Amino acid sequence: MTTKIEKAGPVGTPPPAPENIKAIPVRHYGRWVAAVITIALLALLISAFARGDVNWGAIPDYFFDGEVLKGVRNTVWITILSMVLGVALGIVLAVMRLSKNPVTASIAWGYIWFFRGTPVYVQLLVWFNLGLVFDYINIMPIYKDEWSDFMTPFLAALLGLGLNEAAYMAEICRAGIQSVDEGQSEAAQALGMSHAKTLRRVVLPQAMRVIVPPTGNEFINMLKTTSLVIAVQYWDLLQATSEVGQNSGATAEMLFLAAAWYLILTSVLSVGQYYLERYYARGSSRSLPATPLQRVRANLLSFSNRSGGVGA
Amino acid sequence: MTAMVKAEGVHKSFGPVQVLKGIDLEVAPREVFCLIGPSGSGKSTFLRCINHLEKINSGRLYVDGDLVGYRQKGDKLYELKDREVAEKRRDIGMVFQRFNLFPHMTALENVIEAPVQVKRETKAVARERALRLLDRVGLGDKAGNYPSQLSGGQQQRVAIARALAMEPKLMLFDEPTSALDPELVGEVLDVMRGLAEEGMTMIVVTHEMGFAREVGDSVVFMDDGVVVESGQPREVLTNPRHERTKSFLSKVL
């Protein structure tokens, strides 16, 4: 048999691969049972909602309502601004905490201790109600105004969320900076690079690989946490949908609508996070993982190749 | 002629542990100076003192006639600012046991980083020299590879090219082949041999006795923070006078 096959093939071609094993696979009856039970529970849940007195039509009607869209815009806006404030201040705090200066190090420690140790909801309320203790804001040469005009809902939301976030970002950045091998800064310094340049060109880019994934989580968390700014009367997504719900009588439906919008926004952020992590992974593994798009394209390509092969 | 490196009674301790207990030695320009000795004898620490990665506790250390890390005015010593220390380090290349290439940069980017960032050279100038240096260490075709895509021997050769890109007058090698698979040691030693032939002043901490014998101009045997024996490689390696040198060599040869 084998000699025959070898003769059939051109000289020099390797012998054909041995036949694949054909065996009866193990039957996983437990998996079938589990699948049936979970589908049944899901069906119960869906039927309960179907029988409930939900005016489903109200959701598409108000999905792109002007007030709701304004809420969406504000939610996205306050999320981005709070994160920018949080990341910028967080990096500063992390560097302060790691510095050799005992004063800056302890001040950073104290900041993190305070802002991580109190609930963000309380912090928001405090910012909003500072008007009860201050009548005026007076930054001597630059700015002077009545406190109530100065501390708008927007500013209270931004300070409450951003300053709280900075405490968490500081710890994330510190962990990232400390994760970089000491040999890296030694090599940079041996080349004559200054401390600042070593941090910026060598340490931070490598720390990013550790910093980015939790920061992405923080971003998604922040998007959801912004729903608390209802406490300072900022017109965010939740505030908008609640208002619309009260006026239209579809309170529960509008909450579903808000949930749908939050889901859409967090999904978009997850995709962004994936690509960002991929970018900072360069050099850390031999080849970058394919993006979903590349994977689809590769699959299509191999598919067309296969069909071409069959045709030939 | 001033010595390239001169040490006078150099002491260094980490907390209560005394690592260097009075090192006196002199390295002439264009000399290949090999430091051998058991681990923990202080050879690597001494090497790191030369470019001020470690601060010495007492004694004096000079590179090319200048005090390392300090400025002397009258009989007072002033610590150099970070910026001044960095400036001095530009002229001293260092190659590490664990390569310490920047993993987020390609081989080429590793080599041009310091000339562009520290010496403010244009990218084009730095790039041209970098490609020439990579060619010289036999890696002209690997310029676009990240360190993780290179073997240990290739990484160490890139690290040598990176140090040479600053056109140093002195090169420090800290056990450059100790982290390599045995069959990769040769390619790194070949590059170092070529460098020695061109007249680079080199201080090499090594366990490669063959290299020390063939390439070295002088060999110093250190043990327990002191220089036990020094001289020409032939004498020290084949005809050691001290018991400690003899017993060390009998173990490694």
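Residues numbered from 1 in each chain as written. Chains lettered and ligands numbered in written order. Predicted model: local features only at pLDDT ≥ 70, side-chain atom pairs only at ≥ 80, totals over all residues. Heavy atoms only, no water.

You'll find chain B entered in an unreviewed UniProt entry as ABC-type polar-amino-acid transporter, with Streptomyces malaysiensis given as the organism. Quoted straight from UniProt, the Catalytic activity (unreviewed entry) entry for chain B says "a polar amino acid(out) + ATP + H2O = a polar amino acid(in) + ADP + phosphate + H(+)". The record in UniProt for chain B states the following under Sequence similarities (unreviewed entry): "Belongs to the ABC transporter superfamily." (UniProt positions renumbered as here; feature names shortened; annotations may be inferred.)

Per an unreviewed UniProt entry, chain A carries the name Histidine/lysine/arginine/ornithine transport system permease protein HisM and comes from Streptomyces malaysiensis subsp. samsunensis. Listed under Subcellular location (unreviewed entry) in UniProt, the entry text for chain A is "Cell membrane". Turning to chain A, the UniProt record has this under Sequence similarities (unreviewed entry): "Belongs to the binding-protein-dependent transport system permease family."

Draft legend 1. The arrangement of the overall build of chain A in detail. In terms of helices and strands, chain A carries 13 helices and two strands. The buried share among the 312 residues of chain A stands at 33%. Sequence separation of at least 24 residues holds for 72% of the intrachain contacts in chain A that already meet a minimum separation of 6. As displayed, chain A offers around 19,700 Å² of accessible surface, 66% of which is attributable to carbon and sulfur atoms. (Helix = DSSP H or I, 4+ residues; strand = E, 2+ residues; numbered from the N terminus. Buried < 20%, exposed > 50% of the residue type's maximum accessible area, 1.4 Å probe, protein only. Contact = heavy atoms within 4.5 Å. Areas by Shrake-Rupley, 256 points an atom, 1.4 Å probe, with all protein chains shown as cover.)

Draft legend 2. Highlighting the environment of F33(B). Residues and elements named next belong to chain B. Tracing the chain through its elements places F33 in strand β3 (residues 32-36). With a relative accessible area of 4%, F33 lands in the buried category. Spatially, the C-alpha atoms of F33 and V220 are 7.7 Å apart, while their sequence positions differ by 187 residues. The residues touching F33, leaving out its near neighbours within four places in the chain, are L25, E26, V27, M202, I203, V204, S218 and V220.

Draft legend 3. Region of interest: the UniProt feature "domain: ABC transmembrane type-1" (unreviewed entry) in chain A. In the numbering used here, UniProt assigns the "domain: ABC transmembrane type-1" (unreviewed entry) feature to residues 72-273 of chain A. Structurally, residues 72-273 of chain A is divided into 79% helix and 4% strand, and its ends, taken at the C-alpha atoms, are 20 Å apart.

Draft legend 4. Quick peek at the sheet that holds strand β5 (residues 66-67) of chain B. Residue and element names in this part refer to chain B. Taken in spatial order, the four strands make up an open sheet running β2-β1-β4-β5, and their pairing is antiparallel. The sheet is open, and its two borders are formed by β2 (17-27) and β5, each paired with just one other strand. Of the strand pairs in this sheet, strand β4 (residues 58-63) and β5 are connected by two bridges, and their pairing is antiparallel. Counterpart to V63 in the pairing with β5 is D66. Where helix α1 (residues 43-50) meets the sheet, its contacts fall on β1 (5-14), β2 and β4, and the angle it forms with β2 comes to roughly 65°. (Pairing = 2+ DSSP bridges. Axes fitted to C-alpha atoms, helices over the stretch in contact; angles between N-to-C directions.)

Draft legend 5. A look at the nonpolar core. Ranked by internal contacts, the top residues of the largest apolar core, which has 51 residues, are I160(B), M171(B), F173(B), M192(B) and M202(B). The biggest single contributor to this core is helix α6 (residues 182-197) of chain B, with eight residues. When neighbours within four sequence positions are excluded, F173(B) is seen to be in contact with L47(B), V95(B), I160(B), M192(B), L195(B), M202(B), I203(B), V204(B) and V205(B). Membership of the second largest hydrophobic core comes to 39 residues, among which are L191(A), V27(B), F46(B) and V68(B). (Core = buried A, V, L, I, M, F, W, Y, C linked by side-chain atoms within 4.5 Å.)

Draft legend 6. Local environment of the packing of helix α4 (residues 66-98) of chain A against helix α12 (residues 251-280) of chain A. Residues and elements named next belong to chain A. Look at α4 against α12: their axes get within 12 Å of each other, and the N-to-C directions meet at 40°. In terms of their interaxial angle, α4 and α12 are classed as oblique. The interaxial crossing formed by α4 with α12 has right-handed handedness. Touching V68, L69, V72, T75 and V76 of α4 are L257, W261, Y262 and L265, all from α12. Split into classes, the residues belonging to the contact of α4 with α12 amount to eight nonpolar, one polar and no charged. (Parallel < 35°, antiparallel > 145°, perpendicular 65-115°, else oblique. Left-handed = near helix turned anticlockwise from the far one by under 90°. Nonpolar A, V, L, I, M, F, W, Y, C, P; charged D, E, K, R; others polar.)

Draft legend 7. Main features of the interface of chain A and chain B. Contact with chain A, which involves 21 residues of that partner, is made by 27 residues of chain B. The junction of chain A with chain B conceals about 2,100 Å² of combined surface from both sides, 53% of it contributed by carbon and sulfur atoms. Between chain A and chain B we count two salt bridges in total. R201(A) is paired through a salt bridge with E113(B); the nearest N and O atoms lie 2.7 Å apart. Applying the counting criterion to the chain A and chain B interface returns seven residue pairs in polar contact (both at pLDDT 80 or more). (Buried area = accessible area lost by both parts, 1.4 Å probe. Salt bridge = Lys/Arg side-chain N within 4 Å of Asp/Glu carboxyl O. Polar contact = N/O pair within 3.5 Å; in protein donor to acceptor, adjacent residues only side chain to side chain.)

Draft legend 8. Highlighting the UniProt feature "domain: ABC transporter" (unreviewed entry) in chain B. Look at the UniProt record and you will see "domain: ABC transporter" (unreviewed entry) annotated at residues 5-249 of chain B. As a span, residues 5-249 of chain B carries 37% helix and 28% strand, and end to end its C-alpha atoms are 26 Å apart.

Draft legend 9. Focus on helix α5 (residues 152-164) of chain B. With 13 residues, α5(B) extends 18 Å between its outermost C-alpha atoms, agreeing within 8% with the 18 Å of an ideal straight helix rising 1.5 Å per residue. Burial within α5(B) is extensive, with 13 of its 13 residues counted as buried. (Expected span 1.5 Å × (residues − 1).)

Draft legend 10. Representation of the pattern of salt bridges in the model. Summed over the entire model, instances satisfying the criterion amount to 24 salt bridges over all chains. For the salt bridge of K22(A) with E19(A), the shortest nitrogen-to-oxygen distance reads 4.0 Å. A single burial state applies to K22(A) and to E19(A), both of which are exposed. E186(A) is the salt-bridge partner of R48(B), the closest N and O atoms lying 2.7 Å from each other. Residue R48(B) is found in helix α1, and its partner E186(A) is found in helix α9 (residues 182-190); the two belong to separate chains. E186(A) shares its class with R48(B); the two are buried. Within this structure, K119(B), E121(B), R129(B) and E167(B) form a network of salt bridges that share partners.

Draft legend 11. Layout of the UniProt feature "transmembrane region" (unreviewed entry) in chain A. Residues and elements named next belong to chain A. Summarizing the sequence annotation, UniProt attributes the feature "transmembrane region" (unreviewed entry) to residues 32-50, 76-96, 108-130 and 255-276 in the numbering used throughout. Taken end to end, residues 76-96 has its terminal C-alpha atoms 30 Å apart, with 100% of it in helix and 0% in strand. What you have in residues 108-130 is 87% helix and 0% strand, and the ends, taken at the C-alpha atoms, are 23 Å apart.

Draft legend 12. Expanded view of the pairing of strand β9 (residues 170-174) of chain B. All names here are of chain B. Counting buried positions over the five residues of β9 gives five, a clear majority of the element. In this structure, strand β8 (residues 92-95) lies alongside β9, joined through four bridges in parallel fashion. Residue G93 lies in a different strand from β9, and its bridge partner there is M171. Judged from the five bridges that link them, β9 and strand β10 (residues 201-205) form a sheet pairing that is parallel. Paired with L170 across the strands is T201, a residue of β10. As for the winding sense of the linkage, the β-α-β connection from β9 through α6 to β10 is right-handed. (Right-handed = clockwise from strand over helix to strand, strands pointing away.)

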